[in-house]
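The primary structure of each chain is shown beneath.
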Amino acid sequence: MSTEGRKVKITDTTMRDGHQSLLATRMKTAHMLPIAEKVDQVGFHSLEVWGGATFDTCMRFLGEDPWERLRVLRRHYRTPLQMLLRGQNVVGYKHYPDDVLVEFIKKTVANGLDIFRIFDALNDVRNMQKAIETVKAEGSHAQATVVYTISPVHDLEFYVKTAKVLEDMGADSICLKDMAGILAPGPAYDIVKAWKEQLKIPVQLHCHYTSGMASMAYLKAVEAGVDVIDCAVSTMALQTSQPATEVMVAALRDTPWDTGFNLSLLKEIAGYFKEVRKDYASFDLAAISADVDVLINQIPGGMVSNFISQLSQAGALDKLEEVLAEVPRVREDFGYPPLVTPTSQIVGTQAVMNVLMGERYKMATNESKQYMRGYYGRPPAPIDEAARKKIIGDEEPITCRPADLLPPGLPEAKELVAAYMQKEEDILSAAIFPQVAPGFLQERLARKIAVDLNLAKESSVFYPA
């Protein structure tokens, strides 16, 4: 298919993956609003502003209602809004029942979201099907995602076959998601070219800059015909975030793929976020230089940070290199899962335990046991049977879609927050984060009562009883 004259579109990730990657997902809604008018003028394909870790972080650390964030952003932005949905994991870290997933999507659409980027950590398409069906039924855009990784089973045929299955499921577009920053320019070109030749739907590319290769991968993907690339404004880009918007705009200027964006306008937006970033300096821990180690071990920087924390608490920081060497071995035993939430946590924590115990799989986490039982889905390659037997003994793993075995989750969640509930969305917050949502909702209700009492006192001054 010819790419002559194909204008490349850009999705801005600054207000979701940008600050999730650089600032521990701590950016507050208030900092996303003053720049709205200028961001809307750019002409972005979409703005990724919700999903991923933002839902959890809003309640756990910021004292914000994630649903209110979505509603407020919808009022301020005219550009299409996009989210990252973890398939059957929704915005959490385990599989949730279909009733929770379906109602979550319905409420998300009702609150103003336009595009759902749907992925599964294992690329198990069964864990994405219900989400794709529901998004389409609600009249929104279902973007199916293939997570990029490198292994003996993840070849070009795998990426083409998986994408075609997702297209047949009804996906409106397809995204290649390189969460670790390990996509080289050659494979980027090959995969995008094959997708453009064999798929009828638009193709998008999402890369992290971690290794320093992402901009080169983007350029080769553009040459191969990619429709949309993910970027962040320069002051919230690079490091473990995405390539910088301004750089890609300049690189594509006066080519058949010219974005047409105004660099002066982008400079103003970058200046705004440069000042915003200063407010989050205590969370701004991203590596300044490229992490070339990820090209060798495929371990994202965030995982390394977790290892340092876990080993420090155990007084075993000297064992970091052993853990880094153990990760690829555990990943092979587990059937080469891509290292993305939640499989990165499962593999990483098990690697730490293997090293600390001095014996592989002498002790296994509950998540590792559930993984071996098949409750996260079907791994890309067969699991090592010796490892499985050591972790779960003679138990037979399930072969069905994991969510088929889950009872409805909404009734219990409704009971959990009955005393604090102010809207139906609160039930979903509790269904996904039962340990976090009740406390947040209780505090929110207390704040509302306090405000109402103050208003009543102020009114009584003018209108005494």
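Refer to the structure printed above.
Here goes a summary of the coordinates provided.

Reading guide: rules and limits
Positions within a chain are numbered from 1, following the residues in the order the chain's sequence is written. Reporting of local features is limited, given that this is a predicted model, to residues whose pLDDT is at least 70; pairs of side-chain atoms are given and counted only at 80 or more, and all residues count toward the totals for whole chains, interfaces and linings. With hydrogens and water stripped out, all remaining heavy atoms of the structure feed into the side-chain values. The convention used is that axes are lines fitted to C-alpha atoms, helices contributing only their stretch in contact, and that angles between N-to-C directions extend from 0 to 180 degrees. For helices the rule is a DSSP run of H or I covering at least 4 residues; for strands it is a run of E covering at least 2, with both sets numbered from the N terminus onward. Should an angle fall under 35 degrees it is taken as roughly parallel, and over 145 as roughly antiparallel, whereas 65 to 115 is taken as roughly perpendicular and any remaining angle as oblique. A crossing counts as left-handed when the near helix is turned anticlockwise from the far one by less than a right angle, and as right-handed when that turn is clockwise. The criterion used for residue contact is that any of the two residues' heavy atoms lie within 4.5 Å. Under the grouping applied here, Gly and all other residues not named as nonpolar or charged are polar, the nonpolar ones being Ala, Val, Leu, Ile, Met, Phe, Trp, Tyr, Cys and Pro and the charged ones Asp, Glu, Lys and Arg. Exposure classes here rest on a 1.4 Å probe applied to the protein chains alone. A residue is buried below 20% of its type maximum, exposed above 50%, and partly exposed in between. Here the aromatic set is Phe, Tyr and Trp, taking the six-membered ring for Trp, and pairing holds for ring centres within 6.5 Å; pairs whose planes are under 30 degrees apart are stacked, those over 60 apart are edge-to-face, and all others are tilted. A ring is scored as having a charge over it whenever the NZ atom of a lysine or the CZ atom of an arginine sits within 6 Å of its centre and within 35 degrees of its normal. Patch building starts from residues that exceed 30% relative accessible area and form no salt bridge, then joins like charges within 9 Å and nonpolar side chains (Val, Leu, Ile, Met, Phe, Trp, Tyr) within 5 Å. Shrake-Rupley sampling with a 1.4 Å probe provides the accessible areas, and residues are treated as covered by the protein chains on show and by no other component. A side-chain nitrogen of Lys or Arg and a carboxyl oxygen of Asp or Glu constitute a salt bridge if their distance falls within 4 Å. Here, nonpolar core means buried Ala, Val, Leu, Ile, Met, Phe, Trp, Tyr and Cys residues that are tied together by side-chain atoms lying within 4.5 Å of each other. Here a strand pair is declared whenever DSSP counts at least two bridges between the two strands. Expected helix span is given by 1.5 Å per residue-to-residue step, counting one fewer step than there are residues.

1. Comments concerning the packing of helix H5 (residues 98-110) against helix H19 (residues 425-432)
So, point 1. At a minimum axis separation of 10 Å, H5 and H19 run at an interaxial angle of 135°. In terms of orientation, H5 lies oblique with respect to H19. For H5 against H19, the interelement crossing comes out left-handed. On H19, the residues touching Val100, Glu103, Phe104 and Lys107 of H5 are Glu425, Leu428, Ala431 and Ile432.
So, point 2. A class-by-class count of the residues in the contact of H5 with H19 yields five nonpolar, no polar and three charged.

2. Examining helix H1 (residues 14-22)
So, point 1. In terms of burial, H1 is largely enclosed, as eight of its nine residues are buried.
So, point 2. Buried within H1 we find Thr14, Met15, Arg16, Asp17, Gly18, His19, Ser21 and Leu22.
So, point 3. Following H1 by one or two positions, Ala24 adopts a phi angle in the positive range, close to 55°.

3. Observations regarding the packing of aromatic side chains
So, point 1. Applying the stated criterion across every chain yields a total of 15 aromatic pairs.
So, point 2. Taking 5.5 Å as the distance between ring centres and 85° as the angle between the ring planes, the aromatic pair formed by Phe44 and Phe261 counts as edge-to-face. On the criterion of sequence distance, the pair formed by Phe44 in the loop between helix H2 (36-42) and strand E2 (46-51) and Phe261 in the loop between helix H10 (245-252) and helix H11 (263-278) is long-range, its members being 217 residues apart. Across the pair, Phe261 and Phe44 agree in class, each one buried.
So, point 3. Note on Tyr93 and Phe433: the rings are 6.1 Å apart at their centroids and 65° apart in plane angle, and the pair reads as edge-to-face. Taken together, the positions of Tyr93 in the loop between strand E3 (81-85) and H5 and Phe433 in the loop between H19 and helix H20 (437-462) put the pair 340 residues apart, joining distant regions of the chain.
So, point 4. One aromatic cluster in this structure is built from Trp50, Phe55, Trp67, Tyr93, Phe104 and Phe433.
So, point 5. Over the ring of Phe119 we find Lys177; its NZ or CZ atom is 5.2 Å from the centre of that ring.

4. Quick word on a nonpolar patch on the surface
So, point 1. Taken together, the side chains of Val292, Leu295 and Ile296 make up a nonpolar region of the molecular surface, amounting to roughly 320 Å² of accessible area.
So, point 2. Positionally, Ile296 belongs in helix H12 (residues 294-297).
So, point 3. Owing to a relative accessible area of 74%, Ile296 belongs among the exposed residues under this scheme.

5. Digging into the side chain of Thr245
So, point 1. Counting through the fold element by element, Thr245 comes out in helix H10.
So, point 2. With relative accessibility at 1%, the residue Thr245 sits in the buried group.

6. Brief notes about the nonpolar core
So, point 1. Ranked by internal contacts, the top residues of the largest apolar core, which has 105 residues, are Leu85, Phe104, Ile174, Trp195 and Phe273.
So, point 2. Leaving out residues up to four positions away in the same chain, Trp195 has contacts with Val146, Tyr159, Val160, Ala163, Ile174, Cys175, Leu176 and Val203.
So, point 3. Residues Leu122, Val327, Ile346 and Ile392 belong to the second largest nonpolar core, which totals 27 residues.

7. So, the sheet that holds strand E4 (residues 115-118)
So, point 1. Strand order in the closed barrel formed by eight strands is E1-E2-E3-E4-E5-E6-E7-E8, and the pairing between neighbours is parallel. Each neighbouring strand pair of the sheet contributes to a mean axis angle of 30°, computed without reference to strand direction.

8. Remarks on the pairing of E2
So, point 1. Of all six residues that make up E2, six are buried, and the element is covered over most of its length.
So, point 2. As defined by bridge partners, E2 adjoins E3 across four bridges and the pair is classed as parallel. Its bridge partner being in E3, Leu47 is matched across the sheet by Leu81.

9. Re helix H6 (residues 126-137)
So, point 1. Helix length check: H6, at 12 residues, gives a terminal C-alpha distance of 18 Å against a target of 16 Å (1.5 Å per residue), a fit within 8%.
So, point 2. Listed as buried for H6 are Arg126, Asn127, Met128, Ala131, Ile132, Thr134 and Val135.
So, point 3. Where H6 is buried, its residues meet E3, H5, E4, strand E5 (141-147) and helix H7 (156-168).
So, point 4. One or two positions beyond H6, positive phi appears at Gly139, with a value near 85°.

10. Structural notes on the environment of Phe433
So, point 1. Phe433 gets classed as buried once you look at its relative accessible area, which sits at 5%.
So, point 2. Along the sequence, Phe433 and Tyr336 sit 97 residues apart, while their C-alpha atoms lie 28 Å from each other.
So, point 3. Every residue in contact with Phe433, bar those within four places of it in the chain, is listed here: Phe55, Asp56, Met59, Arg60, Val91, Gly92, Tyr93 and Pro438.

11. Notes on the environment of Gly63
So, point 1. Inspection of the secondary structure puts Gly63 in the loop between helix H3 (54-62) and helix H4 (66-76).
So, point 2. Of the residues examined, Gly63 reaches a relative accessible area of 34% and is grouped as partly exposed.
So, point 3. Each C-alpha atom, one on Gly63 and one on Glu321, is 38 Å from the other, the two residues being 258 residues apart in sequence.
So, point 4. Those residues in contact with Gly63 that sit more than four places away from it in its chain are Cys58, Phe440 and Arg447.

12. Regarding the pattern of salt bridges
So, point 1. The full count for this structure, using the stated rule, is 33 salt bridges.
So, point 2. Glu64 is the salt-bridge partner of Arg69, the closest N and O atoms lying 3.3 Å from each other.
So, point 3. Residue Glu64 is classed as buried on the basis of its relative accessible area of 16%.
So, point 4. Across the pair Lys423 and Asp65 runs a salt bridge, and its minimum N-O distance is 2.3 Å. Here Lys423 is found in the loop between helix H18 (410-416) and H19, whereas its partner Asp65 is found in the loop between H3 and H4, with 358 residues between them in sequence.

13. Structural notes on the packing of helix H14 (residues 320-333) against helix H15 (residues 343-357)
Pairs of packed helices are described in terms of their axes, by the angle between the two and the distance that separates them.
So, point 1. Two elements in contact, H14 and H15, have axes whose closest approach is 8 Å; the angle formed by their N-to-C orientations is 120°. Here H14 lies oblique to H15, going by the angle between them. For H14 against H15, the interelement crossing comes out right-handed. For the pair H14 and H15, contact is made by Glu322, Val323, Glu326, Val327, Val330 and Arg331 and by Val347, Gln350, Ala351, Val352, Asn354 and Val355, respectively.
So, point 2. For the contact of H14 with H15, a count of residues per class yields seven nonpolar, two polar and three charged.

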